[in-house]
Amino acid sequence: GEVYDLTLSLRSDLYHVADVADPVNIGATQNGFTGRLLPATQVKWRYPFGRKFASGAQIVEPIVQFIWGPNGGNSSKIPNEDSLAFEFDDINVFSANRFPGLDRYEGGARLNYGIRGELRSDTSGRSEVFFGQSYRARQDDTFEVGTGLDQHFSDFVGRTIIEPTNYLNLSHRFRLDRKNFATRRSSIGATVGPRWLKGSSTYTKLSDGSTIGVPTSLEQINLGINYKPRKHWRLDVSHQHDLTEGGGGLFSSVGLVYQDECVLITTSLNRYFNALNSGVPPLTDFFIRVTLRNLG
């Protein structure tokens, strides 16, 4: 049957900045406190049509979501530090705020819609497809050209996932131009192995994207290994490599994770090669993060 989801939210941000460059008055700096109050309303509707057959089931599900929030909300007095790397894709098409951090806020009225299909079978595993788009009532210059969200109608986003067994996952995620269906972003990935030892590889190609307001194209591959020797322990190893001409290693990481019902402890050793910017020296960092779960 029909499924409705109504969400009302109120977010409050308070910032204190010191010696931050003023984007309006060149050479000047900003100091002091600034804040904002951000109410939002969400209504989401979906209607999963299901059909059973001898060895499995099929689902076709249209999804429509309306979100309202105040326009603006991104004052020039608030520097953008945690939302620089923005990507519009099939994962965040129904998100109330598509920015990865808190420094930038997505406001205004918008309508998100898409359709999802899923096939589950006892003999051939699971397959899923999704295709969707977003419409904004008012254009917002918060989104740079190349992000796919700088016009009223967004680019199209979608995915295809095939899991023939529990040991193999194949995926293709994409973003297509709203006017001519040209491929703006394509990501092809594979994950192989049992639950305790998985290897993954993802190839990504981005055309006419935007990074901090600068149009960019990239082609890279991500490799990873996930090893779980014991119940609460996990070892993660990953590497990111640039495949464009003159490229090289971008990022490597080795992490050890402990997780139980009460605590999550993450240790990570990271190496940033900065192959795309020869003027920046490579950087290595190490951190330990302790998270208390279910506190309160």
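Note that the structure is a prediction, hence the values are computed from the model and not measured.

### Quick look at the overall build of the protein
When helices and strands are counted, the protein shows zero helices and 15 strands. Across the 296 residues of the protein, 33% fall into the buried class. The long-range share in the protein, meaning contacts at least 24 apart out of those at least 6 apart in sequence, stands at 45%. As displayed, the protein has an accessible area near 17,500 Å², and 58% of this comes from carbon and sulfur atoms. Put simply, the protein has 32 plus and 31 minus side-chain charges, and the middle of one group is 6 Å from the middle of the other.

### Quick notes on the side chain of R159
Structurally, R159 can be placed in strand β7 (residues 156-165). A distance of 3.0 Å separates a polar atom in the side chain of R159 from a polar atom in the side chain of D90. Dropping the residues within four chain positions of it, R159 is found in contact with D90, R116, E128, V129, F130, H172, R173 and F174.

### Quick notes on unusual backbone geometry
Even without glycine at this site, F181 takes up a positive phi of about 60°. Mapped onto the secondary structure, F181 falls in the loop between β8 (168-176) and β9 (183-192). Classification of F181 by relative accessible area gives partly exposed; the value is 46%.

### Considerations on the pairing of strand β2 (residues 29-46)
Sheet topology places strand β1 (residues 3-21) next to β2; 17 bridges connect them, and they run antiparallel. Following the sheet pairing, D5 is matched in β2 by K44. As paired elements, β2 and strand β4 (residues 56-68) share six bridges and run antiparallel to each other. By the bridge assignment for β4, R46 is matched with I63.

### A look at the pattern of salt bridges
Pairing of side chains with opposite charge becomes possible as their charged atoms draw close. Per the stated rule, a full pass over the model turns up 23 salt bridges. Measuring nitrogen to oxygen at the nearest pair gives 3.1 Å for the salt bridge that ties R126 to E118. Like E118, R126 is buried. Taking the shortest distance from any N to any O, the salt bridge between D155 and R175 comes out at 2.7 Å. Highlighted residues: D155 in the loop between β6 (125-136) and β7 and R175 in strand β8, separated in sequence by 20 residues. Given the relative accessible area of 3%, D155 is considered buried. Look at the salt bridges and you will find they share partners, linking R46, E61, D90, R116, E118, R120, R126, E128, R159, E163 and R173 into a network.

### Looking at the packing of aromatic side chains
Tallied over the entire structure, the rule returns eleven aromatic pairs. Judged by centre distance (5.2 Å) and plane angle (10°), the ring pair of F99 and F143 falls under stacked. In this pair, F99 sits in the loop between β4 and β5 (110-121) while F143 sits in the loop between β6 and β7, placing the two residues 44 residues apart along the sequence. Neither F99 nor F143 differs from the other in exposure class; each is buried. Between F131 and F156, the ring centres sit 5.3 Å apart and the planes meet at 15°, which makes this aromatic pair stacked. In this pair, F131 is assigned in strand β6 and F156 in strand β7, connecting sequence segments 25 residues apart. With a relative accessible area of 14%, F156 lands in the buried category. Linked through ring pairs, F131, F156, F174 and F181 together constitute an aromatic cluster.

### Points about the confidence of the model for the protein
This prediction gives the protein a mean pLDDT of 88; 93% of its residues lie at or above 70. Per-residue pLDDT stays below 50 along residues 210-215; that stretch engages in twelve contacts with residues further than four places along the chain or on separate chains.

### Here's the deal with the environment of W68
Along the chain, W68 falls in strand β4. W68 sits in the partly exposed class, given a relative accessible area of 41%. Separated by 28 residues in the primary sequence, W68 and A40 have C-alpha atoms spaced 5.7 Å apart. Every residue in contact with W68, bar those within four places of it in the chain, is listed here: P39, A40, T41, G108 and A109.

### A few points about the environment of P164
Counting through the fold element by element, P164 comes out in strand β7. The class of P164 is partly exposed, set by a relative accessible area of 32%. As for P164 and H152, which are separated by twelve residues in sequence, their C-alpha atoms are 38 Å apart. The residues contacting P164, other than those within four sequence positions of it, are S124 and G125.

What counts and what doesn't
Residues numbered from 1 in each chain as written. Predicted model: local features only at pLDDT ≥ 70, side-chain atom pairs only at ≥ 80, totals over all residues. Heavy atoms only, no water. Helix = DSSP H or I, 4+ residues; strand = E, 2+ residues; numbered from the N terminus. Buried < 20%, exposed > 50% of the residue type's maximum accessible area, 1.4 Å probe, protein only. Contact = heavy atoms within 4.5 Å. Areas by Shrake-Rupley, 256 points an atom, 1.4 Å probe, with all protein chains shown as cover. Lys, Arg positive; Asp, Glu negative; His and termini not counted. Charge placed at Lys NZ, Arg CZ, Asp CG, Glu CD. Polar contact = N/O pair within 3.5 Å; in protein donor to acceptor, adjacent residues only side chain to side chain. Pairing = 2+ DSSP bridges. Salt bridge = Lys/Arg side-chain N within 4 Å of Asp/Glu carboxyl O. Phe/Tyr/Trp six-rings, centres within 6.5 Å; stacked < 30°, edge-to-face > 60°. pLDDT = per-residue confidence, 0-100.

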